[in-house]
Amino acid sequence: MSEALADTATRKAFFRLMPVLFISYILAYIDRINVGFAALKMNADIGISPYIFGLGAGVFFLSYFICEIPSNLVMAKVGARRWISRIMISWGLVAAAMALVQGPTSFIVIRFLLGAAEAGFFPGVILYLTYWFPQQYRARMIAAFIVAVPVSLALGGPISTAILQMDGLAGLKGWQWLFILEGLPTMLVGLLFLKVMPDRPSEAKWLSIAERTALQNAIDSDQRAVAAVHGVSVLQSLADPRVLALAFIWFANTTANLGLAFFLPQILKGLGLTDMQTGMMTSVPYIFGTLGIVAFGLFSDRYNERRWTLCVALALTAVGLTAAGLMSGSLLAVAVMAVAAVGIYGAKPPFWPLPSTFLAGNAAAAGIALINSIGNLGGFVGPYAIGWIRDQTHSYEAGLYFLAALSFVAAVLAPIVVNARFIKVARAPPGLEKA
């Protein structure tokens, strides 16, 4: 009876919470990567070279890295509802302020502030999902959340390039309208988050008392099982080899993801497409990426298989990006970029349930944040490296090979790290338990 009630509560939680989380992540990614579409006009207007653009696009992730772990630990203290709402309101304000950039310096400074404002959102939501959904549901729930990324990129292209056509309205450039109109909705959803999202099942008024109790007991049972084997030491989690290995895999995936996302509009524009055609064509890989998330998420949960699912997804990324480099200069590159997108986004659902199999409590908050913060350094490395390579070679081909090589190394590492001993490690010594 208790298990049936927990299943019912889980379904209710999914339909109640996931729409808000999904919309929030769509806005997060649109605000994060709309600079790639703004660059079609902004770079010439304010004098930004490909190198400076790559530096400014990537510096977002340096501040994100610095603030990520403190942000997640604060969330564990004050509650997800208030802290995620604060994150969304502040990043929406800074995202809209991108309309004020006047040159390379202000561009880099505001991008840095945007990363600091958004830091903690993604790992905060991943942690939030562990508060609501038992272990056996998590790949599906993470897939449902992360599918917002390719959806945002598929929608972001046509929407962003359409807003660019507002050039001159009220004396503003089209790229300024782009930042304003895509930043303000984030603040509004941040206020909605504060109003409607409970921190834990025990606080959900839309569940019956029996459902609340059954679901909370299932979550607590998962947490106790992990804590009993591994402990809840923050310090140990930050030095755990599994955490560091997962951080590298996430770094490789993020480098490929955002290196491609920031420069794809410019790669396609270089084929002679109009702005609107560029916006439409950038949608194609991300439509396939959406299918990759759903398929890999369902498979991973159905068969409780994380190891080889993750490896195959990373290998697809490497193959797709290598083929894109070989076909650079041709529209056929879009087709193989779609293969890469299936791998990039398909890797996420089997990846993110892994930390919570050996981390609990504050250790989970710190470990998940560390994985994501190190991983998101790839958001600096990817755009920066591709911008630098483009300046040196006058081509994006070598940059695509660089992203493919990183993905290949991650594909080889995944089955080595996620082995039969992955969750069978002795718990922390008693002296570290309260760290």
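J.: Looking at this model, I keep getting lost on the overall build of the protein. Mind explaining?
T.: Counting its regular elements, the protein contains 18 helices and zero strands. Taken along its principal axes, the extent of the C-alpha atoms in the protein is 60 × 45 × 40 Å. For the protein, buried positions account for 59% of its 435 residues. Put simply, 84% of the contacts in the protein that link residues at least 6 apart link residues at least 24 apart. Looking at the protein as shown, the accessible area adds up to about 16200 Å², and 70% of this sits on carbon and sulfur atoms. Measuring between centres, the 29 positive side-chain charges of the protein sit 6 Å from its 20 negative side-chain charges.

J.: How should the pattern of salt bridges be read in this particular structure?
T.: Pairs may arise between side chains of opposite charge once their charged atoms sit close together. Within the structure shown, the criterion is met by four salt bridges. A salt bridge links K12 to E211, with the nearest nitrogen and oxygen atoms 3.0 Å apart. Residue K12 is located in helix α1 (residues 2-46), and its partner E211 is located in helix α9 (residues 209-230); the two are separated by 199 residues in the primary sequence. Where R306 meets D301, a salt bridge forms, and the shortest distance between an N and an O atom there is 3.1 Å. The class of R306 is buried, set by a relative accessible area of 10%. What makes D301 buried here is its relative accessible area of 10%.

J.: I'm lost on the packing of α1 against helix α5 (residues 121-132) in this one. Help?
T.: Helix packing geometry: the angle between the two helix axes and the distance between the axes. Where α1 contacts α5, the axes come no closer than 12 Å and their chain directions differ by 175°. In terms of orientation, α1 lies roughly antiparallel with respect to α5. Within the contact between the two elements, α1 uses A13, L17, M18, L21, S24, Y25 and A28 and α5 uses F121, F122, V125, Y128, L129 and W132.

J.: Is there a simple way to explain the confidence of the model for the protein in this structure?
T.: For the protein, the mean per-residue pLDDT works out to 82, and 92% of the residues sit at or above 70. Every residue in residues 425-435 is under pLDDT 50, and counting partners more than four places away or in other chains gives 22 contacts.

J.: Whenever I open this one, the packing of aromatic side chains confuses me. Can you help?
T.: Each aromatic ring pair is specified by the distance between its two centres and by the angle formed by the two planes. Within this structure, the stated rule accounts for 21 aromatic pairs. Taken together, a centroid distance of 5.1 Å and an interplanar angle of 85° make the contact between F14 and F15 edge-to-face. Considering the side-chain rings of Y128 and F193, the 6.3 Å spacing of their centres and the 50° angle between planes classify their relative orientation as tilted. With Y128 in helix α5 and F193 in helix α8 (residues 174-196), the pair connects residues that are 65 residues apart, well separated along the chain. When its relative accessible area of 1% is taken as the criterion, Y128 is described as buried. Taken together through their ring pairs, the aromatic side chains of Y25, W91, F121, F122, F145, W250, F351 and W352 make up a single cluster.

J.: How should I be thinking about the side chain of S63 in this particular structure?
T.: Position of S63 among the secondary structure elements: in helix α2 (residues 50-78). Its relative accessible area of 1% is what places S63 among the buried residues. Among the polar contacts made by the side chain of S63, one reaches the main-chain carbonyl oxygen of F112 at a distance of 2.5 Å. The residues touching S63, leaving out its near neighbours within four places in the chain, are R111, F112, G115 and A116.

J.: In this structure, what is going on with the nonpolar core? I would like to understand it.
T.: Looking at soluble globular proteins, one finds that nonpolar side chains tend to be buried together. Ranked by size, the top nonpolar core spans 138 residues in total, and within it M42, F121, W132, F145 and W352 carry the most contacts. Residues in contact with F145, not counting those within four places in the same chain, are M18, L21, F22, Y25, F121, F122, V125 and L129.

J.: In this structure, what is going on with unusual backbone geometry? I would like to understand it.
T.: Leave glycine aside and you will find that most residues have negative phi; peptide bonds, for their part, are mostly trans. Phi at A170 takes a positive value of approximately 55°, unusual for a residue other than glycine. Within the fold, A170 resides in the loop between α7 (148-163) and α8. Even without being glycine, N304 reaches a positive phi, approximately 50°. Along the chain, the position of N304 falls in the loop between α12 (275-302) and α13 (307-326). N304 sits in the exposed class, given a relative accessible area of 62%.

J.: Explain a nonpolar patch on the surface to me, please; I cannot follow it from the model alone.
T.: Nonpolar side chains collect at one region of the surface, where F65, I66, V109, F112 and L113 lie side by side and expose about 430 Å² of accessible area between them. Sorting the residues of the nonpolar patch by element identifies α2 and α4 (104-118) as the ones contributing at least two each. Considering the arrangement of structural elements, one finds F112 in helix α4.

J.: Please clarify how the packing of α2 against α4 should be interpreted in this entry.
T.: Interaxial distance between α2 and α4 falls to 7 Å at its minimum, and their mutual angle equals 30°. Classified by the interaxial angle, the pair formed by α2 and α4 is roughly parallel. Considering only the axes of α2 and α4, their crossing is right-handed. Within the contact between the two elements, α2 uses I52, F53, L55, G56, A57, V59, F60, S63, Y64 and C67 and α4 uses P104, F107, I108, R111, F112, L114, G115, A116 and E118. Here the contact of α2 with α4 is composed, by residue class, of 14 nonpolar, three polar and two charged.

J.: Before we go on, may I ask you to explain the side chain of S71 in this structure?
T.: Following the sequence through the fold, S71 ends up in helix α2. Setting aside anything within four residues of it in sequence, one finds S71 in contact with W83, R86, I87, A119 and G120.

J.: Would you take a moment to explain the environment of I30 for this structure?
T.: Mapped onto the fold, I30 is located in helix α1. In this structure the C-alpha to C-alpha distance between I30 and G156, which are 126 residues apart in sequence, comes to 6.0 Å. If sequence neighbours within four positions are ignored, I30 has contacts with S152 and E182.

J.: Is there a simple way to explain α2 in this structure?
T.: Residue pairs spaced three or four apart in an α-helix point in one direction, given the helix's 3.6 residues per turn. When the terminal C-alpha atoms of α2 are compared, their 41 Å separation across 29 residues agrees well with the 42 Å that a helix rising 1.5 Å per residue should span. By the largest-angle criterion, C67 marks the main kink of α2, which is about 45°, and a proline, P70, follows within four residues. The opening residue of α2, the one whose side-chain oxygen lies 3.2 Å from the backbone nitrogen of I52, is S49. The first or second residue beyond α2 is G79, which carries a positive phi of 105°.

Each value, and the rule that gives it
Residues numbered from 1 in each chain as written. Predicted model: local features only at pLDDT ≥ 70, side-chain atom pairs only at ≥ 80, totals over all residues. Heavy atoms only, no water. Helix = DSSP H or I, 4+ residues; strand = E, 2+ residues; numbered from the N terminus. Buried < 20%, exposed > 50% of the residue type's maximum accessible area, 1.4 Å probe, protein only. Contact = heavy atoms within 4.5 Å. Areas by Shrake-Rupley, 256 points an atom, 1.4 Å probe, with all protein chains shown as cover. Lys, Arg positive; Asp, Glu negative; His and termini not counted. Charge placed at Lys NZ, Arg CZ, Asp CG, Glu CD. Salt bridge = Lys/Arg side-chain N within 4 Å of Asp/Glu carboxyl O. Axes fitted to C-alpha atoms, helices over the stretch in contact; angles between N-to-C directions. Parallel < 35°, antiparallel > 145°, perpendicular 65-115°, else oblique. pLDDT = per-residue confidence, 0-100. Phe/Tyr/Trp six-rings, centres within 6.5 Å; stacked < 30°, edge-to-face > 60°. Polar contact = N/O pair within 3.5 Å; in protein donor to acceptor, adjacent residues only side chain to side chain. Core = buried A, V, L, I, M, F, W, Y, C linked by side-chain atoms within 4.5 Å. Patch = residues over 30% accessible without salt bridge, like charges linked within 9 Å, V, L, I, M, F, W, Y side chains within 5 Å. Left-handed = near helix turned anticlockwise from the far one by under 90°. Nonpolar A, V, L, I, M, F, W, Y, C, P; charged D, E, K, R; others polar. Expected span 1.5 Å × (residues − 1). Bend = angle between axes of the 7 residues up to and from the residue.

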